[in-house]
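Topology and contacts: notes
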Amino acid sequence: MFYDMHVHSKFSTDSSLDMEEAVVKAINLGLTGIAFTDHLDIDFTDYEDEFYYDFNEYFLLLNTLKDKYSSKIKIISAVEIGMQPHVIQDTYNMIKNYKFDYIIGSTHLINKRDPYCGKYFRTGESKLDSYTEYLVEVYNNLKLYTDFKFNTMGHLDYIERYANFDDSMFYYSDFPALVDEIFKYIITKGISFEINTSTYLKQPLDTTLIKRYKELGGELITLGSDAHSPDRIACNFKIYADIIKNCGFNYINYFINGNPQAEKI
Ligand SMILES: [Zn+2]
Ligand SMILES: [Zn+2]
């Protein structure tokens, strides 16, 4: 069971994962499906290479594997778009002629500063201020991307991955109003909430986030590993599927042709 709805093959600038190797690994793990969510992250400052890829080559390989392994696993075409206020039109123009099953909208840069490379965090700035600026950017991005439909908000608590505070964990209780606004917005728009297990390798997920999403009426929840290597595919899925279930969800979602589908937990 399970769809890993967030995997980066070597079409992603920062991954060398062979797509077929990932498919075989996913089959061996007993997954129902795998989505290849390669990066389209225009104007990614602080990184030498551009984060985009040849969609024609991507679909050619993906469709070949889809046919080859059709009796064993569902392979889902997808893209993870990096959201920034000034790249909306360019991003839209690049993907508009392709039929992705699934689009993840992720905020990786905050006011052009990158937490991954360490340039986001300012010396002496508090965790509260730093995370608040990030969340405001996430919320603004969500509201700005009105021209094309994306399906999932990627890794809401991404910022904690690269933070270096005494306790870097992202707690709902630190930002209840902002997180509520974000949840209410995605719920209204039919955008799902991604539980990204890669974020919880350093510190666990604050399950209050899932409970609050549910309380506010959230129904769509996706599970992704953000794997860039075979060993990370579906990482800790059983643990987080149980957590999701304990928070009141009986189904986890995946997307085909932009439409949410449900798999029972
Ligand atoms: Zn991401
Ligand atoms: Zn990713």
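Let me sum up the structure you'll find in this document. (Residues numbered from 1 in each chain as written. Chains lettered and ligands numbered in written order. Predicted model: local features only at pLDDT ≥ 70, side-chain atom pairs only at ≥ 80, totals over all residues.)

1. Quick word on the overall build of the protein
Note the cut-off: Note on conventions: DSSP H or I runs of at least 4 residues are helices, E runs of at least 2 residues are strands, and numbering of each starts at the N terminus. Our radius of gyration looks at C-alpha atoms and nothing else; its globule reference is 2.2 Å times the residue count to the power 0.38. Neighbour counting defines burial: a residue surrounded by 20 or more other C-beta atoms within 10 Å of its own C-beta is buried, one with 12 or fewer is exposed, and intermediate counts give partly exposed, using backbone-placed C-beta atoms. We call two residues in contact when the distance between their C-beta atoms, placed using the backbone, is within 7 Å.
Helix and strand content of the protein: 7 helices and 9 strands. A compact globule built from 265 residues would reach a C-alpha radius of gyration of about 18 Å, and the protein, at 17 Å, matches this within 12%. Projecting the C-alpha coordinates of the protein onto the three principal axes gives extents of approximately 50 × 40 × 35 Å. Counting across all 265 residues of the protein, residues that qualify as buried make up 42%. Taking all contacts inside the protein whose residues are at least 6 apart in sequence as the whole, residues at least 24 apart take part in 78%.

2. As for the pairing of strand S2 (residues 33-40)
The criterion, for reference: Any two strands with at least two DSSP-identified bridges between them are counted as paired. Here the term right-handed applies to a crossover when the path leading from its first strand over the helix to its second strand runs clockwise, the strands being oriented away from the viewer.
Most of S2 is tucked away: 7 of the 8 residues are buried. Here strand S1 (residues 3-7) runs beside S2; their pairing, made up of 3 bridges, is parallel. Within the sheet, the bridge partner assigned to Val-7 lies in S2 and is Phe-36. In this region the chain leaves S1, passes through helix H1 (residues 19-28) and returns to the parallel neighbour S2; the handedness of that crossover is right-handed. As paired elements, S2 and strand S3 (residues 74-82) share 8 bridges and run parallel to each other. The residue bridging Phe-36 from the neighbouring strand is Ser-77, located in S3. For the segment spanning S2, helix H2 (residues 55-68) and S3, crossover handedness is right-handed.

3. Thoughts on the packing of H1 against H2
Helix-helix packing: each pair is described by the crossing angle between the helix axes and the interaxial distance. The cut-off we apply is this: The axes used here are C-alpha line fits, helices contributing only the stretch in contact, and every angle between their N-to-C directions lies in the interval 0 to 180 degrees. Put simply, angles under 35 degrees are roughly parallel, angles over 145 are roughly antiparallel, angles from 65 to 115 are roughly perpendicular, and the rest are oblique. Put simply, a crossing is left-handed when the front helix is turned counterclockwise from the back one by less than a right angle, and right-handed when it is turned clockwise. As a working rule, the residues Ala, Val, Leu, Ile, Met, Phe, Trp, Tyr, Cys and Pro are called nonpolar, Asp, Glu, Lys and Arg charged, and the rest polar, with Gly in that last group.
Their axes nearest at 10 Å, the elements H1 and H2 cross at an angle of 30 degrees. Classified by the angle between their axes, H1 and H2 sit roughly parallel to one another. You can see that H1 and H2 cross each other, and the crossing is right-handed. Residues Met-19, Glu-20 and Val-23 of H1 touch H2, and the partners they reach there are Leu-61, Leu-62 and Leu-65. Per-class residue counts for the contact of H1 with H2 are 5 nonpolar, no polar and 1 charged.

4. Let's talk about the nonpolar core
As a reminder, the rule being used: Structurally, a nonpolar core is described as a collection of buried Ala, Val, Leu, Ile, Met, Phe, Trp, Tyr and Cys residues joined by way of C-beta atoms within 7 Å.
The biggest cluster of nonpolar side chains holds 71 residues, and the ones touching the most others in it are Ile-34, Ala-35 and Ala-78. Those residues in contact with Ile-34, other than ones at most four positions away along the chain, are Tyr-3, Asp-4, Val-7, Ala-22, Val-23, Ala-26, Ile-73, Ile-75 and Ile-76.

5. Section: the packing of helix H4 (residues 127-144) against helix H5 (residues 176-189)
Interaxial distance between H4 and H5 falls to 10 Å at its minimum, and their mutual angle equals 20 degrees. The orientation of H4 with respect to H5, classified from their angle, is roughly parallel. Relative to H5, the crossing made by H4 is left-handed. Where H4 approaches H5, its residues Thr-132, Leu-135, Val-138, Tyr-139, Leu-142 and Lys-143 are matched on the opposing element by Leu-178, Glu-181, Ile-182, Tyr-185 and Ile-186. Looking at the contact of H4 with H5, its residues break down into 8 nonpolar, 1 polar and 2 charged.

6. Digging into the environment of Asn-151
On the secondary structure map, Asn-151 appears in the loop between H4 and strand S5 (152-153). Judged by C-beta crowding, with 25 C-beta atoms within 10 Å, Asn-151 ranks as buried. Along the chain, Asn-151 and Asp-167 lie 16 residues apart, while their C-alpha atoms are 31 Å from each other. Dropping the residues within four chain positions of it, Asn-151 is found in contact with Tyr-102, Ile-103, Ile-191, Ser-192, Phe-255 and Gly-258.

7. Re H5
Stated precisely, the cut-off is as follows: Take the residue count of a helix, subtract one, and multiply by 1.5 Å to get its expected span.
An ideal rise of 1.5 Å per residue puts 20 Å on 14 residues; H5 measures up with 20 Å between its terminal C-alpha atoms. If you follow the buried residues of H5, they end up packed against H4, S5, strand S6 (192-196) and helix H6 (208-215).

8. Some thoughts on the pairing of strand S9 (residues 259-264)
By the bridge criterion, 6 bridges tie strand S8 (residues 251-256) to S9 in an arrangement that is antiparallel. Along S9, the bridge assignment pairs Tyr-254 with Gln-261. Hairpin connection from S8 to S9: 2 residues lie between these consecutive antiparallel strands, with Asn-257 at a positive phi of about 50 degrees.

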